[in-house]
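Below, each chain spelled out in residue letters.
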Amino acid sequence: MPSNKIETILDCIADGVFTVDNEFRITSFNKAAERITGFTRKEAVGQFCFEIFRTDVCFVKCPLKESIKTGKEITNLELSILDKNNREIPVSVSTSVLKDKKGKIIGGVETFRDLSLIKEMDKEIKEKYTFNDIVSRNKKIREIFNILPDVAKSDVAVLIVGESGTGKELFANAIHHLSNRKNGPFIKINCGAIPETLLESELFGYKKGAFTDAKKDKAGRFQLAQGGTILLDEIGDLPKSLQVKLLRVLETKEFEPLGSTISEKADVRILSSTNRPLEELVEDGKFREDLYYRLNVIKIEIPPLRERKEDIPILIDHFIEKFNRKMRKNIKGVTAEAMEILLNHSYPGNVREMENILEHGFILSKGSYIDRSHLPLYLQKIKKSKIVAPKINLKQWEAEIIKNVIKKHNGNLTKAAKELGIHRTTLWRKLKRI
Ligand SMILES: Nc1ncnc2c1ncn2[C@@H]1O[C@H](COP(=O)(O)OP(=O)(O)OP(=O)(O)O)[C@@H](O)[C@H]1O
Ligand SMILES: [Mg+2]
């Protein structure tokens, strides 16, 4: 084919395409490549590719070099380039070799797609539904997001209620960081994990000589939390003897360390959390009613994950991003089959369980996706017939599907629209509304 004809064809392609000779000098550069990089064909042709297509791996692990060396194609590698104005642009890159009629390698070809739109979309969705590191699109939780800044500033006691792993500590943290005490300490104590005999000194400290082993003064958590916030976790496990003492702190802002006759001031904001219904403990006489009302000035109730399935996809994205950063991997998502299982699971361990499931997937997956086989065995056992359509709002479901299909096609909207069975302009419109 004459070279000007090839050029015309390449110019019709939406992806950027350039070719190089064996010296890595650019020999052709299509229109889309001009648009994405900002360099004109005239500026590009004849230059070394690393002077024009400036990726973050040029001198570390150049995929084009790899292809020319091995003769193998590399597909959909996610990289960043610097365009002519030194703006960073995320791209998906594929490379392969160019051969002459005799099969001798005479150079390479690189195609690349601008991923700015998908990245932008991901970021927008994430930002829209993230509040102080808490991710949710659930209505009840978003109502909590709305009141949280005012609650935080008010300095009143807050009781955070929710099943294990729903994020109670995360909310407590957010309250502290949104409050005027944010520069003070945030101290946590699990009232259920410390034996009753030690709990009092853990909370309020002791004075030298208070008991035989008390060789010197020891500060309790209330002293450590001075000027800041304390989170009393598993407050339902607080023994009755200590309930009286805590009530006194709440009423008078004072307490006495063990073995001391002098009261100390407690300039501490008190948050408490529980996964057991405190009302029942009050009814059974195990929890003081007056203390319950003091702790419960404001109650925050976090629904379990099984009641907010709409949060599953966005939490998956959140943890994938977190583990990619932590484990220096580049996992792009979960496969459709894995997603179905994850959407159908009931998560008795709530968000913590989901986080563990994804961590498991990260360790086992060697590719770009987490598949069914990378999930813990107890999830893989779910029969296909048991999987039912998840009960989530249609619009949110649609947004998830659209996002996943666009990701699958590496940002190629034409292909994504085709798979979705809608027109490209309809897809654009829908994207704007996500
Ligand atoms: N909405 C959320 N967005 C992001 N991460 C979350 C969310 N909810 C929980 N997590 C994460 O899940 C894990 C468990 O959360 P957390 O420790 O706050 O739960 P908890 O309710 O205090 O659990 P437990 O009852 O066992 O003490 C943490 O790693 C937390 O960061
Ligand atoms: Mg907790």
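Residues numbered from 1 in each chain as written. Chains lettered and ligands numbered in written order. Predicted model: local features only at pLDDT ≥ 70, side-chain atom pairs only at ≥ 80, totals over all residues. Heavy atoms only, no water.

1. Thoughts on the packing of helix H14 (residues 311–327) against helix H15 (residues 336–344)
How we decide: Angles here are taken between N-to-C directions and fall from 0 to 180 degrees, while the axes themselves are lines fitted to C-alpha atoms, restricted in helices to the stretch in contact. Counting from the N terminus, the helices are the DSSP runs of H or I reaching at least four residues and the strands are the DSSP runs of E reaching at least two. Reported orientations rely on four angle classes, namely roughly parallel under 35 degrees, roughly antiparallel over 145, roughly perpendicular from 65 to 115, and oblique for the rest. In this scheme the handedness of a crossing depends on how the near helix is turned from the far one: anticlockwise by less than a right angle means left-handed, clockwise means right-handed. Residues count as neighbours in contact if any of their non-hydrogen atoms are within 4.5 Å of one another. Gly falls in the polar group here, along with every residue not listed as nonpolar (Ala, Val, Leu, Ile, Met, Phe, Trp, Tyr, Cys, Pro) or charged (Asp, Glu, Lys, Arg).
At their nearest, the axes of H14 and H15 sit 10 Å apart, and the two run at 120° to each other. Judged by the inter-axis angle, H14 sits oblique to H15. Crossing geometry of H14 relative to H15 is assigned as right-handed. Facing H14, whose interface residues are Ile 312, Pro 313 and Ile 316, H15 presents Met 339, Leu 342 and Leu 343. Considering only residue class, the contact of H14 with H15 consists of six nonpolar, no polar and no charged.

2. Points about the packing of aromatic side chains
Here the distance between the centres and the angle between the planes together describe a pair of aromatic rings. To be explicit about the condition: Stacked, tilted and edge-to-face are the three classes assigned to paired rings of Phe, Tyr and Trp, where Trp is represented by its six-membered ring and a pair needs centres within 6.5 Å; plane angles under 30 degrees give stacked, over 60 edge-to-face, the rest tilted. Note on classification: 1.4 Å probe, protein chains only; a residue is buried when its accessible area is under 20% of the maximum for its type, exposed when over 50%, partly exposed between these limits. Only lysine NZ and arginine CZ atoms are considered, and such an atom sits over a ring when it is within 6 Å of the ring centre and within 35 degrees of the ring normal.
Applying the stated criterion across every chain yields a total of 15 aromatic pairs. Relative to Phe 222, the ring of Phe 204 has its centre 5.4 Å away and its plane inclined at 15°; by these criteria the two rings are stacked. Note that Phe 204 is positioned in helix H9 (residues 196–204) and Phe 222 in helix H10 (residues 221–224), a separation of 18 residues in sequence. As far as burial versus exposure is concerned, Phe 204 and Phe 222 are alike and both buried. Linked through ring pairs, Phe 18, Phe 29, Phe 53 and Phe 112 together constitute an aromatic cluster. Its guanidinium or amino end placed over the ring of Phe 48, Arg 25 lies 4.0 Å from that ring's centre, counting from NZ or CZ.

3. Considerations on the domain arrangement of the protein
Basically, it comes down to this: Where each domain starts and ends follows an automatic or database-derived domain assignment. Defined here as a combined quantity, buried area equals the accessible surface (1.4 Å probe) lost by two parts on assembly, summed across both. What makes a salt bridge here is a side-chain nitrogen of Lys or Arg within 4 Å of a carboxyl oxygen of Asp or Glu, nothing more. Identification of polar contacts relies on pairs of N or O atoms within 3.5 Å, with a donor-acceptor requirement for protein atoms, meaning one able to donate a hydrogen and the other able to accept it, and with residues adjacent in sequence counted only if both atoms are side-chain atoms.
According to the domain assignment, the protein consists of domain 1 (3–114), domain 2 (120–124 + 306–433) and domain 3 (139–302). The distance between the C-alpha centroids of domain 2 and domain 3 comes to 37 Å. In this assembly, nine residues from domain 2 lie in contact with seven residues from domain 3. When the two sides are added together, the surface that domain 2 and domain 3 hide from each other amounts to roughly 540 Å², 31% of it contributed by carbon and sulfur. Ranking the residues of domain 2 by area buried against domain 3 places Arg 308, Asn 350 and Arg 352 at the top, with a combined share of 62%. At the boundary of domain 2 with domain 3, the tally comes to one salt bridge. A salt bridge links Glu 163 to Arg 306; the shortest N-O distance between them is 2.6 Å. Put simply, domain 2 and domain 3 have five residue pairs in polar contact (both at pLDDT 80 or more) between them. Broken down by element, the side of domain 2 that touches domain 3 gets its largest block of residues, three residues, from helix H16 (residues 350–364). Across the side of domain 2 that touches domain 3, the residue classes tally to two nonpolar, two polar and five charged.

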